[in-house]
Amino acid sequence: MSEAKIGRRNWLKLGGLGGAAALLGSCEKKVAAAGGKSEVRGIVFMVSDGMSNGVLTMAENFSHMVRKKGTRWWQLIGNPASARGLMECSSADSFVTDSSAAASAWGGGVKINNGAVNVRPNGSESTPIMRHLKKLGHRTGLVTTATITHATPAGFAAVSESRQDEHLIAPQYLGVVDLLMGGGMDFFSPQKRIDSRDVLTPFTNAGYELIENRDALLASKSEKMLGLFSGGHIPFELDRLNDPELMKKIPTLAEMSGVALANLLNHPEKFLLQIEGARIDHAAHANDAAGLLWDQLAFDDALAKVLEMTADSEDILVIVTSDHGNANPGLNGTGNSYVESNKIFGSIARSTASYDKILQIWSNSSDNSPERLAAIIKDKLSFTLKPKEIAELYSSITNGQVTEWSKQLDNPNGLLGQFAGNHTGIGWTGTSHTSDATMISAIGPQAERFSGIVPNQEVHRHFLELLG
Ligand SMILES: [Zn+2]
């Protein structure tokens, strides 16, 4: 057993060196008994951003179809040892939260208005949880598939009147977050920042290793890491899986999570690690079923990795949840007695590009005709749009007249989502966040705190009581 596994508080309770020496060579369970089973040394807080509840079932079914196994989150909910509840996630000014207000409620302990990061409606600031924990000598980590300066990670470590000011959020992580992994080089590099300020050198001067590709990440043993794997967000998992160059350069969410967690487990300090599957939200805004499901499976792989790495640790609490619903997708029953449902749902597996990528390929192509767009959709999504559909889609993209009754769906994503739904069975309520409470599961010491209805700002209190 390593000293790391004993934990600071156990160490103190055991009377420092003498007590710890007595433990060396004994098994982990005895450590737990000595320290009390409810002792928490570390918390892994996992967020599938914008995951509506229907995604859980669709991901479970999709996983069985494409990987011949179920999802880890589904299994966790079925485990009687786990706590299960609903995360209440309104913001101060709306039943429908955005990610910055939600993350600020978790990170700062107060409901605030949408769009802000730890700035209250009256203008005063909340102290983000990681700033507080850092003062206590704990270790911290943020892992995401968005820019690392995006709303959800920012809510744990930064303060900003606007979530859009990512260039102001980047320098705030210095000395507050030990492990940073995600996209967002554009907010650190002087060549890319709007103010040309060099935010990278202060990090490297402070001992952070700047890591820019998968191999370097997997090889790194540095105590502090600044892992920036793309200028903006990390590509959708579906696009990564279909591009050998991206596969080589960009680590998976599970790989980033594994490196971050191993690092934290190998140090004796208490820790808080936030892991975000960010692009589930973006795919839901885009009404992109394949993009959504592949990113949810990538998030589930990260959860599987975390649960595997902490299986023998009795002092690590793992929490998995979402910050809000988004577009509430669901599989509609299709055919006589719904017998066609499985088959058409399974057709999602034939998609080889996100909607984002499809529109990118089309707009970068020398031929920007509607016919060319239809051909790319046929190639990447494996279905053929009717002439009227492609005409409406083209019209929507070029700001022309469109036949659409729902204002939520009156945009290119909303239209393509509906056309695709005729081939996949997936329907969407809109292209924006929804007010639904989200799922929360927890396992480990004091997991029961996260059962029942959990108001999102209460998570902060639990963090303080467990790690503060
Ligand atoms: Zn969103």
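Residues numbered from 1 in each chain as written. Predicted model: local features only at pLDDT ≥ 70, side-chain atom pairs only at ≥ 80, totals over all residues. Heavy atoms only, no water.

J.: Looking at this structure, how should I read the sheet that holds strand S1 (residues 42-48)?
T.: Picture the strands of a sheet paired through backbone hydrogen bonds; they go either parallel or antiparallel. The strand order across the open sheet formed by ten strands is S5-S6-S4-S3-S7-S1-S8-S13-S2-S14, and the pairing between neighbours is mixed. Looking along the sheet, the strands with just one partner apiece sit at the ends: strand S5 (208-211) and strand S14 (452-455). On average, adjacent strands in this sheet sit at an angle of 15 degrees to one another, irrespective of strand direction. Sheet analysis places strand S3 (residues 139-147) next to strand S4 (residues 179-183), joined by four bridges and oriented parallel. Bridging across to S4, Val143 finds its partner in Met181. In the packing of helix H15 (residues 253-265) onto the sheet, the strands contacted are S1, S3, S4, strand S6 (224-228), strand S7 (271-277) and strand S8 (316-321), and the crossing angle to S3 comes to about 175 degrees. Packing against the sheet, helix H17 (residues 289-309) makes contact with S1, S7, S8 and strand S13 (438-443), and its axis sits at approximately 165 degrees to S1. (Pairing = 2+ DSSP bridges. Helix = DSSP H or I, 4+ residues; strand = E, 2+ residues; numbered from the N terminus. Axes fitted to C-alpha atoms, helices over the stretch in contact; angles between N-to-C directions. Contact = heavy atoms within 4.5 Å.)

J.: Help me understand the packing of aromatic side chains, please; the structure alone is not making it clear to me.
T.: All told, the structure shown has ten aromatic pairs when counted by the stated rule. Here the aromatic rings of Phe45 and Phe156 are separated by 5.7 Å at their centres, their planes lie at 35 degrees, and the arrangement is tilted. Taken together, the residues Phe45 in strand S1 and Phe156 in helix H9 (residues 151-157) connect sequence positions 111 residues apart. Taken individually, Phe45 and Phe156 each receive the classification buried, so the pair is uniform in this respect. An angle of 80 degrees between the planes, with centres 6.1 Å apart, marks the rings of Trp362 and Tyr394 as edge-to-face. Here Tyr394 lies in helix H21 (residues 387-397) and Trp362 lies in helix H19 (residues 355-364), a separation of 32 residues in the sequence. Taken together, the ring pairs in this structure connect Phe45, Trp106, Phe156 and Phe463 into an aromatic cluster. The ring of Phe236 has Arg279 sitting right over it, with the charged end atom 3.9 Å from the ring centre. (Phe/Tyr/Trp six-rings, centres within 6.5 Å; stacked < 30°, edge-to-face > 60°. Buried < 20%, exposed > 50% of the residue type's maximum accessible area, 1.4 Å probe, protein only. Lys NZ or Arg CZ within 6 Å of the ring centre and 35° of its normal.)

J.: What am I meant to see in the environment of His285 here?
T.: You can see His285 is positioned in helix H16 (residues 279-285). For His285, a relative accessible area of 26% corresponds to the partly exposed category. Sequence-wise, His285 and Lys111 are 174 residues apart; in three dimensions their C-alpha atoms are separated by 23 Å. With sequence-adjacent residues up to four places away left out, His285 is seen in contact with Asn326, Asn413, Thr431, Ser432 and His433. A distance of 3.2 Å separates polar atoms of two side chains, one belonging to His285 and the other to Asn326. From its side chain, His285 meets the backbone oxygen of Thr431 in a polar contact 3.0 Å long. (Polar contact = N/O pair within 3.5 Å; in protein donor to acceptor, adjacent residues only side chain to side chain.)

J.: Hey, could you run me through the nonpolar core in this one?
T.: Grouped burial of nonpolar side chains is what soluble globular proteins tend to show. Membership of the largest hydrophobic core comes to 57 residues, with the highest contact counts inside it found for Val44, Met46, Trp73, Met181 and Leu273. Considering each element in turn, this core owes the most residues, eleven residues, to H17. When we break this core down by domain, the ones giving at least three residues each are domain 2 (39-328 + 438-467) and domain 3 (330-427). Contacts of Met46, omitting those with residues within four sequence positions, involve Ile275, Phe299, Ala302, Leu303, Val306, Ile319, Val320 and Thr321. (Core = buried A, V, L, I, M, F, W, Y, C linked by side-chain atoms within 4.5 Å. Domains from an automatic or database assignment.)

J.: Could you clarify how one ought to interpret the coordination of the zinc ion in this entry?
T.: For a metal with four tetrahedral donors the ideal donor-metal-donor angle is 109.5 degrees, while six octahedral donors give ideal angles of 90 or 180 degrees. Coordination of the zinc ion by the protein involves Asp281 (OD), Asp281 (OD), His285 (NE2) and His433 (NE2), with metal-donor separations of 2.0 to 2.6 Å. One way to put it: the four donor atoms around the zinc ion meet at angles of 53 to 137 degrees, and that makes the site irregular. Residue His433 is classed as buried on the basis of its relative accessible area of 14%. (Donors = N, O, S within 2.8 Å, 3.2 Å for Na, K, Ca; no water. Tetrahedral: all angles 85-135°; square planar, octahedral: opposite > 155°, others 65-115°.)

J.: It is not clear to me how the side chain of Asp178 should be interpreted in this structure. Could you clarify?
T.: Mapped onto the elements of the fold, Asp178 is located in the loop between helix H10 (166-169) and S4. In terms of polar contacts, Asp178 uses its side chain to reach the side chain of Lys134, at 2.7 Å.

J.: Which parts of the structure should I look at to understand helix H22 (residues 412-424)?
T.: Residue pairs spaced three or four apart in an α-helix point in one direction, given the helix's 3.6 residues per turn. Spanning 13 residues, H22 covers 18 Å between terminal C-alpha atoms, matching the ideal 18 Å at 1.5 Å per step. All of the buried residues along H22 are Gly414, Leu415, Leu416, Gly417, Phe419, Ala420, Gly421 and Thr424. Summarising the contacts, the buried residues of H22 are in contact with strand S10 (330-331), helix H18 (341-346), H19, helix H20 (370-381), H21 and strand S11 (426-427). Positive phi shows up at Gly425, right after H22, with a value of about 90 degrees. (Expected span 1.5 Å × (residues − 1).)

J.: Just checking my understanding: could you explain the pattern of salt bridges for this structure?
T.: Pairing between side chains of opposite charge can happen when their charged atoms approach one another. Tallied over the entire structure, the rule returns 14 salt bridges. Across the pair Asp301 and Arg67 runs a salt bridge whose closest N-O atoms are separated by 2.8 Å. In this pair, Asp301 sits in helix H17 while Arg67 sits in helix H5 (residues 53-67), placing the two residues 234 residues apart along the sequence. With relative accessibility at 25%, the residue Arg67 sits in the partly exposed group. (Salt bridge = Lys/Arg side-chain N within 4 Å of Asp/Glu carboxyl O.)

J.: Looking at this structure, how should I read the confidence of the model for the protein?
T.: Keep in mind that low pLDDT regions are not for reading the predicted coordinates in detail. Here the protein shows a mean pLDDT of 92. Residues at 70 or above account for 92%. The low-confidence segment residues 1-36 (pLDDT under 50) makes 49 contacts with residues lying over four places distant or belonging to another chain. (pLDDT = per-residue confidence, 0-100.)

J.: How do you make sense of the pairing of S1 when you look at a structure like this?
T.: For a regular strand, side-chain orientation follows a simple rule: the groups alternate between the two sheet faces. Across the seven residues that make up S1, a large majority, seven, are buried. Side chains of S1 alternate between two faces, with Gly42, Val44, Met46 and Ser48 and Ile43, Phe45 and Val47 buried alike. In this sheet, S7 lies alongside S1 in parallel orientation, the contact comprising seven bridges. Opposite Ile43, over in S7, you have Leu272 as the bridge partner. Note that S1 and S8 share six bridges and pair parallel. Note that in S8 the partner of Ile43 across the bridge is Leu317.

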